[in-house]
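Structural characterization, general
If you want the building blocks of each chain, they are given just below.
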Amino acid sequence: MLSDVFLEELRTACPIETVMGSYVNLIRRGRTYVCSCPFHSEKTPSCTVYPEQQSFYCYGCGAGGDAISFIRRIENLTFMEAVEMLAKRCGLAVPENKDEAKRSQARARTFEINRLTANFYFKNLTGSNKTGLAYFAKRKLSPATIKKYALGFAPDAWDVLAKYLLSKGFTEEELITAGVCHRSKKGSIYDVFRNRVMFPIVDTRGNVIGFGGRVMDDSTPKYLNTAQTPVFDKGRNLFSLNFAKDSSSNIFILAEGYMDVIAINQASFSNVVATLGTAITADQARIISRYASEVIIAYDSDEAGQKATKKAIAHFNEVGLSARILHIENAKDPDEYIRKFGADRFRLLLEKSGDAIAFQMEQCKSGLDLSTDNDKGKWLNRLIDILANIPNALTRDVYISKAASETNISPDVLRNQIEIYNRKEKKKHKKNTWDKIKQDAAPISMRDPESENLRHLERSEETLIGYLLLHPEEIIWASKAVENAERKTPFFEKILAEMLAIEQAQKSASLSALGENLSVDEMAKLSKILEKQRNVPPNEQVARDCIDIICNENSFSVDSNDDLLKLIEQKKKKR
């Protein structure tokens, strides 16, 4: 555990308003700040920063915590990586921590395994079996590009990599943890990647975090990627971001695969990235939004590519990124286009890329027979859905005119339909907002959310947690008091255990101290608890009443926080 002294020094040297202010535009409101949340798209600021408590909370998406939690979430780092980043920022030295040292060592060992594995594959490319080198030559990759991306070749052998890494002093379990080897049913280990050309995946700090492997024939699976490891999550990383982040352009090109990215980069476009074997995720869209203001989606022109394009547009809309669509003709993907027509023609293609709205409007016709009235009606309804969601009124009017011309429908009729659509959506939004408010009155259940008893149990647990966060010295008696309770939620049990461990270590149970062993989502839940109790913090008697309810939860039925307070008042009168 990090000491109270160090965490206090870190909080003082890196105030949350300064840390967050380097990422978002903070607006002063009395003793707090507000900003548009960087973790979801919004038009009105819903994120509040509390300098006095050194915490933040977003009412829109529920993100919250302290400065360390913010850095963890926005930079996709572990607790200690975020601490080290903040410490480096303010010139503090991070003290040694035995538990974290073990975790850091495990991550360091995985990074080293990946580094040696990448070198092993790279050297094998020019070894006795030059199948992989011939494949890259056929794809017109230059020696400089092969070296730049450290491309390699995995031999067609079961355990040649495993033997090499074991000879370097790594254990079998470390190789399995790193995702470069698997264990067979008989107990022996074997290489994950065999007879494939290899693409090392590098993070923005230059670490090899995983691999992609591609077959050189028609066998399946065509691509194989590293599974999740202590240093790799394919849904939260992007291939070639280590190069794209340094591009002078504020436009990113999103390609579909490794070879597309490499071909585009070789053609002198360094601002290109790709997802890692899956459709783009919300996290990946947010990562791109940190470096770019616009994205050109350069997916394949086949049906799968078009579906992926629609999904990408939706994610980019959520994070406020404008998108354009690359229309590739006479080639199935950017790699083939560049090999056929060259870099200059590809540059012209990028400049002529159409906007996402035009793409979506064209896609409205998909699967419809526009000679029939029924399908024409479906087409118009699809168009209304797209037009109504264009935020800029001037841009929307341009596309209304375009749609009116194409459908032979009066622009005024389309505007009227859009107005009706927006009224319905506004009504729906009001209902959803109210439903969300009612839902937020109860915490997100880690069990059955429809259980009435569980809801009031969790409210009592939350109130008690809020009290203990304000009075951490009371954790020992409180944990003993609920020790024999038949039902406790996993989240409640974890928070009590963490607070008890911190108290026994004679430390203060601050948000920063708790964050050492909690996920960013668990930190957000703690922030939500504090936020709900900010105006009326629970006192000792309320805490005791909550303990009574937790220990006898099957005897009560509570539907809301008000009901919980009424129940506590009834218990007071009985006393």
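Residues numbered from 1 in each chain as written. Predicted model: local features only at pLDDT ≥ 70, side-chain atom pairs only at ≥ 80, totals over all residues. Heavy atoms only, no water.

Structural notes on the overall build of the protein chain
The helix and strand inventory of the protein chain stands at 26 helices and 16 strands. Taking the principal axes of its C-alpha atoms as reference, the protein chain extends roughly 85 × 75 × 50 Å. When burial is assessed residue by residue, the protein chain has 47% of its 575 residues classed as buried. In the protein chain, 64% of the contacts between residues at least 6 apart in sequence involve partners at least 24 apart. Counting only carbon and sulfur atoms, one obtains 50% of the accessible surface of the protein chain, whose full area is about 28,600 Å². Averaged over its 82 positive side-chain charges, the protein chain has a centre that lies 3 Å from the centre of its 77 negative ones. (Helix = DSSP H or I, 4+ residues; strand = E, 2+ residues; numbered from the N terminus. Buried < 20%, exposed > 50% of the residue type's maximum accessible area, 1.4 Å probe, protein only. Contact = heavy atoms within 4.5 Å. Areas by Shrake-Rupley, 256 points an atom, 1.4 Å probe, with all protein chains shown as cover. Lys, Arg positive; Asp, Glu negative; His and termini not counted. Charge placed at Lys NZ, Arg CZ, Asp CG, Glu CD.)

Overview of helix α1 (residues 4–13)
When we look at burial in α1, the residues that qualify are Phe6, Leu7 and Leu10. The buried residues of α1 occupy an angular sector of 95 degrees when projected down its axis, which confines them to one face. Facing away from the buried side of α1 by over 90 degrees, the exposed positions are Val5 and Thr12. Buried residues belonging to α1 abut α3 (67–75), α4 (79–90) and α23 (511–514). (Arc of directions from axis to C-beta.)

Remarks on the side chain of aspartate 260
Tracing the backbone through its elements, the reader meets aspartate 260 in helix α11 (residues 258–266). Buried aspartate 260, no salt bridge; nearest opposite-charge side chain is arginine 139, N-O distance 5.9 Å. Ignoring sequence-local partners within four residues, the contact set of aspartate 260 consists of Ala255, Asp300, Asp333, Pro334 and Asp335. (Salt bridge = Lys/Arg side-chain N within 4 Å of Asp/Glu carboxyl O.)

A closer look at the nonpolar core
Within the largest apolar cluster, 60 residues are counted, with the highest numbers of intra-cluster contacts made by Met20, Phe56, Leu464 and Leu526. One finds Phe136, Ile253, Ala274 and Ile296 within the second-largest nonpolar core, a separate group that totals 39 residues. (Core = buried A, V, L, I, M, F, W, Y, C linked by side-chain atoms within 4.5 Å.)

Digging into empty space enclosed by the protein
A complete count under the given rule lists 4 cavities of 30 Å³ or more for this structure. In this model, the second largest cavity occupies a volume close to 60 Å³. For the second largest cavity, the full set of lining residues is Leu7, Leu10, Arg11, Cys14, Gln54, Asp66, Ala67, Ile68, Leu86 and Ser512. Of all the secondary-structure elements, those providing two or more residues to the lining of the second largest cavity are α1 and α3. The element that contributes the greatest number of residues to the lining of the second largest cavity is α1, accounting for 3 residues. Broken down by class, the residue content of the lining of the second largest cavity amounts to 6 nonpolar, 2 polar and 2 charged. (1 Å grid on protein atoms, 1.4 Å probe; cavity = no way out; pocket = protein on both sides within 12 Å on 5 of 7 lines; lining within 4 Å. Points joined across faces, edges and corners; volume = space filled by probe spheres on them. Nonpolar A, V, L, I, M, F, W, Y, C, P; charged D, E, K, R; others polar.)

Topic: the environment of threonine 18
Secondary-structure assignment places threonine 18 in helix α2 (residues 16–21). Counting along the chain gives 527 residues from threonine 18 to aspartate 545, while the straight-line C-alpha distance between them is 40 Å.

Points about the environment of threonine 32
The topology assignment puts threonine 32 in strand β2 (residues 32–35). When the C-alpha positions of threonine 32 and glycine 367 are compared, they lie 52 Å apart, and in sequence the two are 335 residues distant. Non-local contacts of threonine 32, meaning those with residues more than four positions away in its chain, are made with Ile27, Thr48, Val49, Tyr50 and Pro51.

A short note on the pairing of strand β9 (residues 196–202)
Across a regular strand the side chains alternate sides, sitting on one face of the sheet and then on the other. Within β9, 7 of the 7 residues are buried, leaving the element largely enclosed by the surrounding structure. As defined by bridge partners, strand β6 (residues 152–154) adjoins β9 across 3 bridges and the pair is classed as antiparallel. If you follow glycine 152 over to β9, its bridge partner there is methionine 198. Here β9 pairs with strand β10 (residues 208–214) via 6 bridges, running antiparallel. Bridged to proline 200 within β10 is phenylalanine 211. (Pairing = 2+ DSSP bridges.)

Description of the confidence of the model for the protein chain
With 91% of its residues at a pLDDT of 70 or more, the protein chain shows a mean pLDDT of 87. Ignoring residues within four places in sequence, the model shows residues 554–561, a span with pLDDT below 50, making 24 contacts including any to other chains. (pLDDT = per-residue confidence, 0-100.)

Examining the sheet that holds strand β12 (residues 251–255)
Across the sheet, which stays open at both edges, the 5 strands sit in the order β13-β12-β14-β15-β16 with mixed pairing between neighbours. With one partner strand each, in any of the chains shown, β13 (272–274) and β16 (354–355) form the two edges of the open sheet. Examined bridge by bridge, β12 and strand β14 (residues 294–298) share 5 bridges and lie parallel to one another. Across the sheet, phenylalanine 252 pairs through a bridge with valine 295, a residue of β14.

Describing α3
It helps to recall that an α-helix has 3.6 residues per turn; residues three or four apart then point in one direction. Judged by how many residues are buried, α3 sits mostly within the fold: 8 of 9 residues are covered. All buried positions along α3 are accounted for by Ala67, Ile68, Ser69, Phe70, Ile71, Arg72, Arg73 and Ile74. Positive phi shows up at asparagine 76, right after α3, with a value of about 55 degrees.

Some points on the pattern of salt bridges
The final tally for this structure, using the stated rule, is 28 salt bridges. Linking glutamate 174 and arginine 109 is a salt bridge whose minimum nitrogen-to-oxygen distance equals 2.9 Å. With a gap of 65 residues between them, glutamate 174 in helix α9 (residues 172–177) and arginine 109 in helix α5 (residues 98–124) connect regions that are remote in the sequence. Using a relative accessible area of 22% as the deciding quantity, one classes glutamate 174 as partly exposed. Between arginine 415 and aspartate 397 there is a salt bridge, with its nearest N and O atoms 3.0 Å apart. Residue arginine 415 is found in helix α19 (residues 411–440), and its partner aspartate 397 is found in helix α18 (residues 393–407); the two are separated by 18 residues along the sequence. Three or more residues joined by partner-sharing salt bridges are found here, namely Arg139, Asp335 and Arg339.

A short note on unusual backbone geometry
Residue proline 221 is reached from threonine 220 by a cis peptide bond, and omega for that bond is -5 degrees. Summarising the element assignment, proline 221 is placed in the loop between β10 and β11 (223–225). One non-glycine residue, asparagine 76, adopts positive backbone phi at about 55 degrees. Structurally, asparagine 76 is set in the loop between α3 and α4. For asparagine 330, which is not glycine, the phi dihedral falls at a positive 65 degrees. For asparagine 330, the location among the structural elements is in the loop between β15 (322–325) and α14 (334–341). Residue asparagine 330 is classed as exposed on the basis of its relative accessible area, which comes to 58%.

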